[in-house]
Number of protein chains: 2
Amino acid sequence: MSPSPVIEDTLKTIYHLQQEAGPPVGTSAIADRLDKAQATVTSTLDRLEDQELITREPYQGCELTDKGRTVAVEVLRHHRLLETYLADHLDYPWEQVHEEADRLEHHISEEFERRLAETLENPRRDPHGDPIPGEDLEPPNQDPMTPLSACEVGDRVVITRVSDRNEDDLAYLADVGITPGTAVHIVDVAPFGMITLDVDGTEQAIPEEVATSIRVTSLNDVDDSVSVDHRGDA
Amino acid sequence: MSPSPVIEDTLKTIYHLQQEAGPPVGTSAIADRLDKAQATVTSTLDRLEDQELITREPYQGCELTDKGRTVAVEVLRHHRLLETYLADHLDYPWEQVHEEADRLEHHISEEFERRLAETLENPRRDPHGDPIPGEDLEPPNQDPMTPLSACEVGDRVVITRVSDRNEDDLAYLADVGITPGTAVHIVDVAPFGMITLDVDGTEQAIPEEVATSIRVTSLNDVDDSVSVDHRGDA
DNA sequence: GTATTAAATTAGGGTAGGCTAAATTATGAC
DNA sequence: GTCATAATTTAGCCTACCCTAATTTAATAC
Ligand SMILES: [Mn+2]
Ligand SMILES: [Mn+2]
Ligand SMILES: [Mn+2]
Ligand SMILES: [Mn+2]
């Protein structure tokens, strides 16, 4: 049987948490992300273990098996190809692609995936700057990412990734022109974390909370994996 | 709560059966179409009745309410828009669109539906020649349809609809050029039902079974709801 | 080492959606 | 009218997911 949406979402969440903090991944961290009760996650993990998608130490947490990681990466590929397609071919606004992709990622066929990739000419990054896993389903490299919140006054950087989680923040950032590929210049860092940027000649202030979810690369050592202005719009 | 795939598929099946034979629709007819046990359908119909999507007479069968019909037509709109999009924009082969659309129809948002319709410029018919319900979700008109099996030698007709059910038959028909919009000429009707057609100068023989699932319009009284050659390929 | 506390699991219960096998009901043949 | 048959429902069982409340375990403070 092919994995259900619940199984796929749980694997995807474990994958993200492993990348953020490494294994083992705790039950409540998963429950928080999925907005489910802890007991619900415990019983889901039982099924994942039966299917050899994770290994588990009672009361200690879990870790993806190779099989589990491959399923997670496949879902991630679906998600990011869909986001890219929705934005590029169906004219979806930047901030709306995540929600639609998060549902459809569980329901498209392999044929659909192939045709998306082909039509898009095998894109490497989604609209938020996140790397799209290849057909081989190898986990994408974690490229070096500096949070915007760690920048100092005077730095010139290029936006490389913007977290796709909060729809309102994304709408705001798109509105002021802060999207992957945009070059910016840090004008001011206030004591409580407000960061002021120069974006195409206009100054924009951003709360630290939001700045944490924005990743940048210094313009001094440009990383060719992200092209400047690969999507040039508002 | 928005209806589950099982609820939607059951409503869609009742809708089709009502159009073919009129209400009341029996439990086993639904079970046959959905490839489920009769008892499974009985309990699904219980839920449909609770939700006021059907009315039911014990042991007699069921009928869609207005609410139930609207849900069925909405799913039908999703299905046919998706089929059209897959064929026209993702280069799906004719015979593969049905299966993919049959899954995705339950998972796209209203936003996705709108953007499909817009990108396709509000198409009236899907790749099989079936009418696509409008945004208003009125049931599409049943246009007069003669089965190809009822034609006589010498008739000149235009293919208007081809049942989307059998993938192998569809692949064959596409291969020999029998698709909606094609004008053909009946050359021979053999006693056991084999029908020979002239398609663009080439003769093609078709078993009666298949001919039953092909609908045509006489070239004498052309129905403007179907344009000749609106998809001109193999 | 013991007490506190947070995390995790277990216990118990609910709904949707599946099944088979056993009743029940309607219907057409005679 | 009775009987056989087919359609339908009921009974009883299962799994996947979901929850809250109670319990158990691990980790930390002291
Ligand atoms: Mn895939
Ligand atoms: Mn994304
Ligand atoms: Mn179809
Ligand atoms: Mn819709």
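Looking at an unreviewed UniProt entry, one finds chain A named DtxR family transcriptional regulator and attributed to Halorubrum halodurans. Note on chain A: under the UniProt heading Subcellular location (unreviewed entry), the record states "Cytoplasm". What UniProt records for chain A under Subunit (unreviewed entry) is the sentence "Homodimer."

1. What about the coordination of the manganese ion (ligand 4)?
All names here are of chain B. The protein atoms donating to the manganese ion (ligand 4) are Glu 74 (OE), His 78 (NE2), Glu 110 (OE), Glu 110 (OE) and Glu 113 (OE), with metal-donor distances spanning 1.6 to 2.7 Å. Between the donor residues of the manganese ion (ligand 4), the gaps in sequence give the motif E-x3-H-x31-E-x2-E. Here His 78 is found in helix H4 (residues 66–89), whereas its partner Glu 110 is found in helix H6 (residues 110–119), with 32 residues between them in sequence. For His 78, a relative accessible area of 5% gives the class buried.

2. Topic: the protein's contact with DNA strand D
Taken together, 18 residues sit near DNA strand D, with Ser 4, Thr 40 and Arg 47 of chain A together with Ser 28 and Gln 38 of chain B positioned nearest. Here DNA strand D approaches the protein such that, of its atoms within 4 Å, sugar and phosphate make up 76%. At a separation of 3.0 Å, a phosphate oxygen of DNA strand D approaches a polar backbone atom of Ala 37 of chain A. Gln 60 of chain A places a side-chain nitrogen or oxygen 3.4 Å from a sugar or linking oxygen of DNA strand D. Of all the secondary structure elements, the ones that give two or more residues to the surface near DNA strand D are helix H1 (5–21) and helix H3 (38–50) of chain A together with helix H2 (27–34) and helix H3 (38–50) of chain B. Class assignment for the residues of the surface near DNA strand D results in seven nonpolar, eight polar and three charged.

3. Here we look at the relation of the copies chain A and chain B
In screw terms, the move from chain A to chain B is a rotation of 180° and a rise of 0.0 Å along the axis, fitting with an RMSD of 0.1 Å. Taken together, the rotation and translation describe the operation of a two-fold axis. A share of 100% of the interface residues of chain A reappears at the interface of chain B, consistent with the copies meeting face to face through the same patch.

4. Description of the environment of Thr 196 of chain A
Looking at where Thr 196 of chain A falls in the secondary structure, it is placed in strand E6 (residues 195–199). Excluding anything up to four places from it in sequence, Thr 196 of chain A contacts His 185, Ile 186, Val 187, Asp 188, Glu 203, Gln 204 and Ala 205 of chain A.

5. So, the protein's contact with DNA strand C
Residues in contact with DNA strand C amount to 18 residues; listed here are only the nearest, Ser 28 of chain A together with Ser 4, Ala 37, Thr 40 and Arg 47 of chain B. When the atoms of DNA strand C within 4 Å of the protein are sorted by group, sugar and phosphate make up 80%. Between DNA strand C and Gln 38 of chain A, the relevant distance is 3.1 Å, taken from a base nitrogen to a side-chain nitrogen or oxygen of the residue. Between Thr 42 of chain A and DNA strand C, the recorded distance is 3.1 Å, taken from a side-chain N or O atom to a phosphate oxygen.

6. Considering the pattern of salt bridges
This structure, assessed with the given rule, holds 24 salt bridges over all chains. Here Glu 105 of chain A makes a salt bridge to Lys 12 of chain A, at a shortest N to O gap of 2.7 Å. Placement of Glu 105 of chain A in the loop between helix H5 (97–104) and helix H6 (110–119) and of Lys 12 of chain A in helix H1 is noted, with a sequence separation of 93 residues between them. One exposure class covers both Glu 105 of chain A and Lys 12 of chain A, and it is buried. Measuring nitrogen to oxygen at the nearest pair gives 2.8 Å for the salt bridge that ties Arg 161 of chain B to Asp 130 of chain B. Of this pair, Arg 161 of chain B sits in strand E4 (residues 156–162) while Asp 130 of chain B sits in the loop between H6 and strand E3 (146–147); the two residues are 31 residues apart in sequence, bridging distant segments of the chain. Residue classification places Arg 161 of chain B among the buried positions, given a relative accessible area of 11%. Connected via shared salt-bridge partners are Lys 12, Asp 102 and Glu 105 of chain A.

7. Focus: the sheet that holds E3 of chain B
Residues and elements named next belong to chain B. Here six strands make up an open sheet; going across it, the order is E3-E8-E4-E5-E6-E7 and the pairing antiparallel. The sheet terminates laterally at E3 and strand E7 (202–206), the two strands that pair on one side only. Of the strand pairs in this sheet, E4 and strand E5 (residues 183–189) are connected by three bridges, and their pairing is antiparallel. From the neighbouring strand, Val 158 faces E5, where its bridge partner is Ala 183. Helix H7 (residues 167–176) rests against E4, strand E6 (195–199), E7 and strand E8 (214–218) of the sheet, and its axis sits at about 165° to E7.

8. So, the sheet that holds E6 of chain A
Residue and element names in this part refer to chain A. With antiparallel pairing, the six strands of this open sheet are ordered in space as E3-E8-E4-E5-E6-E7. Lying at the two open borders of the sheet, with one neighbouring strand each, are strand E3 (146–147) and strand E7 (202–206). Across five bridges, strand E4 (residues 156–162) lies against strand E8 (residues 214–218) in antiparallel orientation. If you follow Val 162 over to E8, its bridge partner there is Ile 214.

9. Brief notes about the interface of chain A and chain B
Listed by partner, the interface residues are 19 residues for chain A and 19 residues for chain B. Taking both partners together, chain A and chain B bury about 1,600 Å²; carbon and sulfur atoms supply 56% of that area. Among the residues of chain A in contact with chain B, Leu 90, His 107 and Arg 115 of chain A are the three that bury the most area, contributing 37% of the side total. Where chain A meets chain B, there are zero salt bridges. Inspection of the region where chain A meets chain B yields 12 residue pairs in polar contact (both at pLDDT 80 or more). Counting residues per element, the ones that place at least two in the side of chain A that touches chain B are helix H4 (66–89), H5 and H6 of chain A. Tallying contributions element by element places H6 of chain A first for the side of chain A that touches chain B, with five residues. The class makeup of the residues in the side of chain A that touches chain B is nine nonpolar, five polar and five charged.

Scoring rules and cut-offs
Residues numbered from 1 in each chain as written. Chains lettered and ligands numbered in written order. Predicted model: local features only at pLDDT ≥ 70, side-chain atom pairs only at ≥ 80, totals over all residues. Heavy atoms only, no water. UniProt positions renumbered as here; feature names shortened; annotations may be inferred. Donors = N, O, S within 2.8 Å, 3.2 Å for Na, K, Ca; no water. Helix = DSSP H or I, 4+ residues; strand = E, 2+ residues; numbered from the N terminus. Buried < 20%, exposed > 50% of the residue type's maximum accessible area, 1.4 Å probe, protein only. Near = heavy atom within 4 Å. Polar contact = N/O pair within 3.5 Å; in protein donor to acceptor, adjacent residues only side chain to side chain. Nonpolar A, V, L, I, M, F, W, Y, C, P; charged D, E, K, R; others polar. Least-squares fit on C-alpha atoms with pLDDT ≥ 70 in both. Contact = heavy atoms within 4.5 Å. Salt bridge = Lys/Arg side-chain N within 4 Å of Asp/Glu carboxyl O. Pairing = 2+ DSSP bridges. Axes fitted to C-alpha atoms, helices over the stretch in contact; angles between N-to-C directions. Buried area = accessible area lost by both parts, 1.4 Å probe.

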